[in-house]
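Each chain is listed here by its residues.
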Amino acid sequence: MKNYVIGLDYGSDSVRAVLIDTENGQELASDVCHYKRWKNNEYCNPSINQFRQHPLDHIEGLESTIKSVVAQANVNPSEIKSICIDTTGSSPIPVNAEGTPLSLTKEFEHNPNAMMILWKDHTAINEANEINELAVSWGGEDFTKYEGGIYSSEWFWAKILHIIREDEAVKNAAHSWMEHCDYMTFLLIDDKDLATFKRSRCAAGHKAMWHEDWNGLPPEEFLTKLDPYLAQLRGKLYNETYTSDLVAGKLNQEWATRLGLTTDTIIAVGTFDAHSGAVGAKIDEHALVRVMGTSTCDIIVASHEAVGSKTVKGICGQVDGSVIPGYIGLEAGQSAFGDVLAWFKDTLSWPLDNLVYTSDVLSAEQKAQLKEEVESNFIKTLTEQAEAIPLSESIPTALDWVNGRRTPDANQGLKSAMTNLSLGTKAPHIFKALINSICFGSKKIVDRFEEEGVRIDSVIGIGGVARKSPFIMQTLANVLNKPIKVCASDQAPALGAAIYAAVAAGIYPNVIEAAKKMGSDFESEYFPQADKIEKYQELMDSYSVLSQFVESITK
Ligand SMILES: Nc1ncnc2c1ncn2[C@@H]1O[C@H](COP(=O)(O)OP(=O)(O)O)[C@@H](O)[C@H]1O
Ligand SMILES: O=C(CO)[C@@H](O)[C@@H](O)COP(=O)(O)O
């Protein structure tokens, strides 16, 4: 009898499932599903940084990817021992007393406020500021202290506060709120009691100010000063939280039937993508795992002895067990990484979208062909031409803050800027400047960890950009002046989720042992190029000057 597990990873644009052999971590099958409504830009308004996702996108993706991997691998359903789900976060969803998202009910089916508020939605900037002001002025404990000392508009309480102020109907109908990783887990399990449901430690600790020091979530006394609704909500949330090596429940009959699995399948407690990604990449003490995709998440694990009572300023948090149970997981990151380049590509695509693809000169078939060719060569050609520009040539200085700054020192109100443009500046120069900016933003994070006494001996890259762009990885190695190993797995977060699933099913005694056997190897390593380090340091100095200036003029 074989033991297989499934890891399900919800990213910003798509969900991926992997079916893994627990004996050696071999991937027997994988599948991806892009969110249909999201792809059509439904329920979003980028001009005000509103990014909402309909839970139907997630449910359809769950069903199609899991069914696909089970069919591809052609294994006996009883051999699929467990499933673990990771998602983005903080991505909260308002739910009714049954734990059903409001947007799955008729009244709210098209209301973006009743949907999942994606991590990169920054509509709650004012509410985050309010939380920060109260945290230091209310006369009690500063509950932001284990979340870097600054609460972000990307996180749980700020988002809820924003929605309930904006939408009375959602406020009245929402019995509770769930992180995306918790909701997807709750959907699958048999025990439907929201009050006892095992919520994710990772989500609660990094995004909802949950901490053992104050026995759970911030107290009602604090929350009521923000809004009495939050104090009431607290009573319907949770006190205890659970790490992802633990069992949340067993697969319920409805989903066992829909997926073709058995009700003996164990469902592990949910987690965030970056944290499971670090496990998939076999994170170790003093290693920094960077998940480089749309955004970045930078994950470190440290022992309790190493961290002691230290709180690291300006990061996204330090939480006991958020990556490996028994260790403190530290998280930082950039709100936009690949997204900076995606923004530039979109901007450059304006004449194509508005003049070329709409023109009558080309037939529908020619347009489709052209579109396909442009899509597959766009970033590739820009990258080749940017790489060919010598470092001695003048290029712009850019900031990576097109979606604000997540860390160090969250400030989602910051915007990007660019200097040093001339008539000689062409698209590849700007592209190179943007690549520099995302690498300089990364260096600021590494510097902050080191300034705060967190040792980083090695860097591991995972995610789309790490595997697809050798130029970005080489630039990053030069900027950080550290070697960077790239994880071989295409699906490190899903693999990490599969590792948690294997521990929850009792196949391995703990996450470290399971990761040793099942974790990904490395496929390449980038080393700093000695002749380029100094020049990148000079460019980094210009980045620092520009960032200080922009920050000083941002209200
Ligand atoms: N060759 C490339 N060079 C630079 N950026 C890329 C390249 N390919 C993809 N990207 C960027 O990677 C991001 C997607 O990363 P990925 O890890 O696949 O997804 P996600 O962040 O949703 O998990 C997008 O922002 C895209 O612009
Ligand atoms: O912030 C977190 C985790 O804390 C991520 O979920 C968020 O950056 C989303 O990452 P991806 O876009 O899926 O790479």
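Given the structure is predicted, the values throughout are model-derived calculations rather than measurements.

Parameters at a glance
- Residues numbered from 1 in each chain as written.
- Chains lettered and ligands numbered in written order.
- Predicted model: local features only at pLDDT ≥ 70, side-chain atom pairs only at ≥ 80, totals over all residues.
- Heavy atoms only, no water.
- Near = heavy atom within 4 Å.
- Polar contact = N/O pair within 3.5 Å; in protein donor to acceptor, adjacent residues only side chain to side chain.
- Areas by Shrake-Rupley, 256 points an atom, 1.4 Å probe, with all protein chains shown as cover.
- Helix = DSSP H or I, 4+ residues; strand = E, 2+ residues; numbered from the N terminus.
- Nonpolar A, V, L, I, M, F, W, Y, C, P; charged D, E, K, R; others polar.
- Domains from an automatic or database assignment.
- Contact = heavy atoms within 4.5 Å.
- Buried area = accessible area lost by both parts, 1.4 Å probe.
- Salt bridge = Lys/Arg side-chain N within 4 Å of Asp/Glu carboxyl O.
- Phe/Tyr/Trp six-rings, centres within 6.5 Å; stacked < 30°, edge-to-face > 60°.
- Lys NZ or Arg CZ within 6 Å of the ring centre and 35° of its normal.

**Q** Quick rundown of the site of ligand 1? Include the residues and the values.
**A** The environment of ligand 1 is formed by 16 residues, the closest being Arg16, Gly293, Thr294, Gly338 and Gly464. Gly338 has a polar backbone atom sitting 3.3 Å from an oxygen atom of ligand 1. Protein burial of ligand 1: of its 580 Å² of free accessible surface, 76% is covered by the chains. Of all elements in the fold, only α13 (338-348) and α17 (464-468) reach the threshold of two or more residues within the shell around ligand 1. When grouped by side-chain class, the residues that make up the shell around ligand 1 number 5 nonpolar, 7 polar and 4 charged.

**Q** Tell me what's going on with the domain arrangement of the protein, and back it up with residues and numbers.
**A** Split by domain assignment, the protein resolves into domain 1 (4-281 + 490-514) and domain 2 (338-488 + 523-553). Computed from C-alpha atoms alone, the centre-to-centre distance between domain 1 and domain 2 is 29 Å. Facing 14 residues of domain 1, the contacting portion of domain 2 comprises 12 residues. Across the domain 1/domain 2 interface, buried area totals approximately 1100 Å², and carbon plus sulfur atoms make up 53% of it. On inspection of domain 1 and its partner domain 2, the count reaches 3 salt bridges. Between Arg406 and Glu154 there is a salt bridge, and its shortest N-O distance comes to 3.0 Å. Where domain 1 meets domain 2, there are 6 residue pairs in polar contact (both at pLDDT 80 or more). Considered class by class, the residues forming the side of domain 1 that touches domain 2 number 6 nonpolar, 5 polar and 3 charged.

**Q** Got a sec to walk through the packing of aromatic side chains? Specific residues and values, please.
**A** Scanning all chains against the criterion turns up 12 aromatic pairs. In textbook terms, an aromatic cluster arises when at least three aromatic residues are bridged by ring pairs, as seen for Trp138, Phe143, Tyr146, Trp214 and Phe222. The lysine or arginine in question, Lys198, covers the ring of Tyr242, its NZ or CZ lying 5.5 Å from the ring centre. The ring of Trp255 has Arg258 lying over it, and the distance from NZ or CZ to the ring centre is 4.0 Å.

**Q** Before we move on, can you summarise the side chain of Thr87 with the specific residues and values?
**A** With respect to the helices and strands, the residue Thr87 is situated in strand β5 (residues 80-87). Here the side chain of Thr87 touches Cys181 through a polar contact of 3.1 Å, landing on its backbone nitrogen. Aside from chain neighbours lying at most four places away, what touches Thr87 is Tyr10, His180, Cys181, Met184, Thr271, Phe272 and Asp273.

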